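Commentary on secondary and tertiary structure
Here's the letter readout for the chains.
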Amino acid sequence: MDTTGLSNVVLVTVDSLRADAIGAYDAERHTPVMDSIANSGTVFERAFATGNWTPFSFPSIMASRPVFADTGSIGVNGVPTLASVLSDADVTTGGFNAANGFLTSHWGYEAGFDEFEPFVASVGSSIYSRYLATHPTVEAWLQLAASPIRRIRSRLAGNTDDRPFLDTSRMFDVEHAAMEFLEGTDGPFFLWVHYMDTHTPYVPAPRYIREVSDGILGTHRMLHAHTRTGLGWEVDERTLNELRTLYQAAARQVDASIGRLLDELAANGLDDETAVVLAGDHGEEFQEHGHLAHYPKLYDELINVPFVIDVPGAEGRRVEQQVGLDTIPPTVTDLLGIDAPDEWTGDSLASTVLDGDEPVDEPVVSVTVRGEDVTAQPIPRSLDDGDLLVSVRDRDWTYIRNVDEETEEVYYRPDDPTEQDDRSDEADGDARAVVERFRPVVDAHAELLREKGDAAATAGDVDGDLGARLEALGYR
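Now for a look at the structure at hand. As the structure is a prediction and not an experimental result, all values here were calculated from the model.

Each value, and the rule that gives it
- Residues numbered from 1 in each chain as written.
- Predicted model: local features only at pLDDT ≥ 70, side-chain atom pairs only at ≥ 80, totals over all residues.
- Heavy atoms only, no water.
- Helix = DSSP H or I, 4+ residues; strand = E, 2+ residues; numbered from the N terminus.
- Contact = heavy atoms within 4.5 Å.
- Pairing = 2+ DSSP bridges.
- Axes fitted to C-alpha atoms, helices over the stretch in contact; angles between N-to-C directions.
- Buried < 20%, exposed > 50% of the residue type's maximum accessible area, 1.4 Å probe, protein only.
- Core = buried A, V, L, I, M, F, W, Y, C linked by side-chain atoms within 4.5 Å.
- Salt bridge = Lys/Arg side-chain N within 4 Å of Asp/Glu carboxyl O.
- Polar contact = N/O pair within 3.5 Å; in protein donor to acceptor, adjacent residues only side chain to side chain.

Topic: the environment of Ala38
Relative to the assigned elements, Ala38 resides in helix H1 (residues 32-40). Between the C-alpha atoms of Ala38 and Arg318, which are 280 residues apart in sequence, the distance is 8.8 Å. If sequence neighbours within four positions are ignored, Ala38 has contacts with Ala24, Val43 and Val308.

So, in structure tokens, the structure goes:
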């Protein structure tokens, strides 16, 4: 297919967005905008993140490189990033991140962006300001208490703004910055926006809670669920259902924001020449393996993510073969007619999107680092933080190995989609063949990482503001 009319790419990444959170992967979900992108684009049904949390996944998304492989620490310092390659080819670049402290200049993510704003602003020096910065749910409660006054003032002023009652996720900051970038850009551009709404704690607007549930007490659900989890009380079935509802409402809130960005593209006459790439950076657990959020594990609820590429004029299709998110940078450069660096590990999916060619049938490798306590989340910076776990996935099988403890797990997903039946102890048959086929892949990847990881130069101490924002994400 001829792509000479394609000039621009918008990359939308959503933190903690698991594949079954959107309608393209689960028909019961209510995400009309993302579903419309999927209906006209290419949906990768088996797309896998390269790690269970942002710092382990994003080196592949923004630099097509495995985490730890270049410096022994997280981040993309010293490697050619997607933005830098595009900028060198005279593509205007803008990147806007909703205050995820792992996606800042400290970790090298500003490289190549003409406009870059992570919205990790100063949190102030007072005890009160720092407490609110590290406890966003409390901040949400305070803003909730003032919401009746805000609504009255809004109505008296004649405003019909479709905003939620608060913006703790910084969604509107990102949205408005992206729109200003679109309005002020001439010529080819690359725009990256990263949303945090589906990252715990989930604080969606009540209207979106009502949209995805049959109840009217949306705010009550939010306060009840977050109070119980915040106090460390047992997560009973009611609380778990409330958390799932809040999560789906947060996904709907992101969905609406993406819709406004697409409307802005159309208003500026850019929609017919702009490809849209949508992906989650990792998933989220709701006690499928005993916990909430995204602790260091490598099961599908954390690794299987939505991945959609919509190129104007290309046929919509669904792809069954497995792909990793390291395909994003080479696919974007390929769509824009720009050569990819040799250092990038991913293969371009442009021919798959444009012509329906099958992607390369290579297994997808993912990693995490786990300390003695799976629920302890220090800021992960190197392989010295704990045991190295590596998983390998093809279309049907998942193989997970704790490289340091020399333990392994094997799951056959068609019969066991939630990966509960470990078949690693089978002496022969298909499961044993998977072990023999994938164990060398794990060993080779571990050796690659440890070439740098043993030297493990850390990325240095973070400043107080960045540390506070990381603490708000659950890292201490």
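Focus: the sheet that holds strand E4 (residues 115-117)
Backbone-to-backbone hydrogen bonds join strands into a sheet, with any given pair of strands oriented parallel or antiparallel. Taken together, eight strands build an open sheet; the order of strands is E4-E3-E5-E1-E6-E9-E2-E10 and the sheet is mixed. Two strands close off the open sheet at either side, each with one partner strand: E4 and strand E10 (317-324). Sheet twist, expressed as the mean angle between neighbouring strand axes with direction ignored, is 15°. Where strand E1 (residues 8-14) meets strand E6 (residues 274-280), seven bridges bridge the pair, whose relative direction is parallel. Its bridge partner being in E6, Val12 is matched across the sheet by Leu278. Sheet contacts for helix H2 (residues 54-63): E1 and strand E5 (189-195); angle to E1, the most-contacted strand, approximately 175°.

What about the pairing of strand E12 (residues 387-393)?
Counting buried positions over the seven residues of E12 gives six, a clear majority of the element. When strand E11 (residues 364-370) meets E12, the two strands line up antiparallel, connected through seven bridges. Across the sheet, the residue bridging to Val364 is Arg393, located in E12. The sheet contact formed by E12 and strand E13 (residues 397-402) spans five bridges and is antiparallel. Bridging across to E13, Leu389 finds its partner in Asn402. Count of turn residues in the E12/E13 antiparallel hairpin: three residues.

Considerations on the nonpolar core
Residues Phe44, Phe190, Phe307 and Val311 are the most contacted members of the largest nonpolar core, which totals 69 residues. Core analysis: the next-biggest nonpolar cluster, separate from the first, contains 51 residues, Ala24, Phe119, Val174 and Val276 among them.

Things to note about the sheet that holds E11
The four strands are arranged E11-E12-E13-E14 in an open sheet whose pairing can be described as antiparallel. Because the sheet does not close on itself, it has two edges, and the strands there are E11 and strand E14 (407-412). Between one strand and the next, the sheet's axes are offset by a mean angle of 15°, whatever the strand orientation.

As for the pairing of E1
Within E1, seven of the seven residues are buried, leaving the element largely enclosed by the surrounding structure. By the alternation rule, side chains of E1 split into Asn8, Val10, Val12 and Val14 and Val9, Leu11 and Thr13, which are all buried. Note: E1 against E5, six bridges, orientation parallel. Its bridge partner lying in E5, Val12 is registered against Val193.

Considering H1
Owing to its 3.6 residues per turn, the α-helix aligns residues three or four sequence positions apart on the same side. Taken residue by residue, H1 has Val33, Met34, Asp35, Ile37 and Ala38 as its buried positions. Buried positions along H1 lie against strand E2 (42-48), helix H10 (237-267), E6 and strand E9 (307-310).

Details of the pattern of salt bridges
Applying the stated criterion across every chain, the model contains 20 salt bridges. With a shortest N-O distance of 3.6 Å, Asp26 and Arg29 are connected by a salt bridge. Residue Arg29 is classed as partly exposed on the basis of its relative accessible area, which comes to 30%. Ionic pairing is found between Glu211 and Arg252, a salt bridge with its closest N-O pair at 2.7 Å. Pair noted here: Glu211 is in helix H8 (residues 206-211) and Arg252 is in helix H10, with a separation of 41 residues, a long-range link. For Glu211, a relative accessible area of 30% corresponds to the partly exposed category. Among the ionic contacts, a cluster of salt bridges with common partners joins Arg207, Glu211, Arg252 and Asp255.

Describing the side chain of Asn97
On the secondary structure map, Asn97 appears in strand E3 (residues 92-97). Overall, the relative accessible area of 0% leaves Asn97 in the buried class. Polar contacts involving the side chain of Asn97 include one to the main-chain carbonyl oxygen of Leu103, which spans 3.2 Å. Excluding residues within four positions of it along the chain, Asn97 makes contact with Leu103, Glu117, Pro118, Phe119, Val174, Trp192 and His194.

Focus: the environment of Val435
Looking at the secondary structure, you find Val435 in helix H14 (residues 430-453). Along the primary structure Val435 and Glu408 are separated by 27 residues, whereas in three dimensions their C-alpha atoms are 8.6 Å apart. Excluding anything up to four places from it in sequence, Val435 contacts Tyr399, Glu408, Val410 and Pro440.

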